[in-house]
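Examination of the molecular architecture
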Amino acid sequence: MSTTTPAAPATAVAPLTTADAEVLITSARRAAEAAGVAVSVTVLDAGGHLLAFRRDDRSVLISGETSTRKAYTALQLNAPTADLVDLVKPDGPFHSLPTALDRPLLFIAGGIPVHRDGRLIGAIGVGGGAPEQDHGFASTALAELSR
């Protein structure tokens, strides 16, 4: 006879929806426009699948790729890419990570994981501005989503 108590079932957390993704895209783009910066914004779900993407007509073409890679990196490592930059520098503990994996990782500020009730549900990536700007635009979008 077992004396252990069965584990409580995990509480379901609502996934990131396309409506959520639109809030993130709109908020990040609005913040970028206010700063006079043309950006691309990518939103991925918890599985790394594309939920939404927008590229400003005036943004540099590579910003589409960088926004997606920033979102993917933030999702896979469950951390803002701004917090990971020093870890992959030549003297950092994960300096070989960008080349060790065959994955589209990018360690430049602008990617942030999205959480709901403490659980990872997706990520946003912004590309096109300076790294600090992209991080700020993504942060603004997350703040808007949590309202």
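That block above? That's the structure.
To keep things clear, this report deals only with the structure shown in the data block. Owing to the predicted nature of the structure, the values given are computational and were not obtained by experimental measurement. (Residues numbered from 1 in each chain as written. Predicted model: local features only at pLDDT ≥ 70, side-chain atom pairs only at ≥ 80, totals over all residues. Heavy atoms only, no water.)

1. Digging into the overall build of the protein
- Each helix and strand counted, the protein has four helices and four strands in total.
- Mapped from its N terminus to its C terminus, the protein presents α and β elements in the order α-β-β-α-α-β-β-α.
- Each principal axis of the C-alpha distribution contributes one length, and for the protein these read about 70 × 40 × 20 Å.
- Here the protein holds 147 residues, and the buried ones make up 40% of them.
- In the protein, once contacts between residues fewer than 6 apart in sequence are set aside, the share between residues at least 24 apart is 64%.
- Here the protein displays about 8,200 Å² of accessible surface, and carbon together with sulfur accounts for 56% of that area.
- In the protein, which carries 12 positive and 15 negative side-chain charges, the distance between the mean positions of the two groups comes to 3 Å. (Helix = DSSP H or I, 4+ residues; strand = E, 2+ residues; numbered from the N terminus. Buried < 20%, exposed > 50% of the residue type's maximum accessible area, 1.4 Å probe, protein only. Contact = heavy atoms within 4.5 Å. Areas by Shrake-Rupley, 256 points an atom, 1.4 Å probe, with all protein chains shown as cover. Lys, Arg positive; Asp, Glu negative; His and termini not counted. Charge placed at Lys NZ, Arg CZ, Asp CG, Glu CD.)

2. Examining the nonpolar core
- Judged by nonpolar contacts, the single largest core of 22 residues is most densely connected at Leu24, Val43, Ile124 and Val126.
- Residue assignment for this core shows that the elements contributing at least two residues are helix H1 (18-34), strand S1 (40-45), strand S3 (111-116), strand S4 (119-127) and helix H4 (131-145).
- Take this core: its biggest share by element is six residues, from H1.
- Dropping the residues within four chain positions of it, Val43 is found in contact with Leu16, Ala21, Leu24, Ile25, His49, Leu50, Leu51, Ala52, Ala123 and Ile124.
- With twelve residues, the next largest nonpolar core counts Ala74, Leu75, Val88 and Ala123 among its residues. (Core = buried A, V, L, I, M, F, W, Y, C linked by side-chain atoms within 4.5 Å.)

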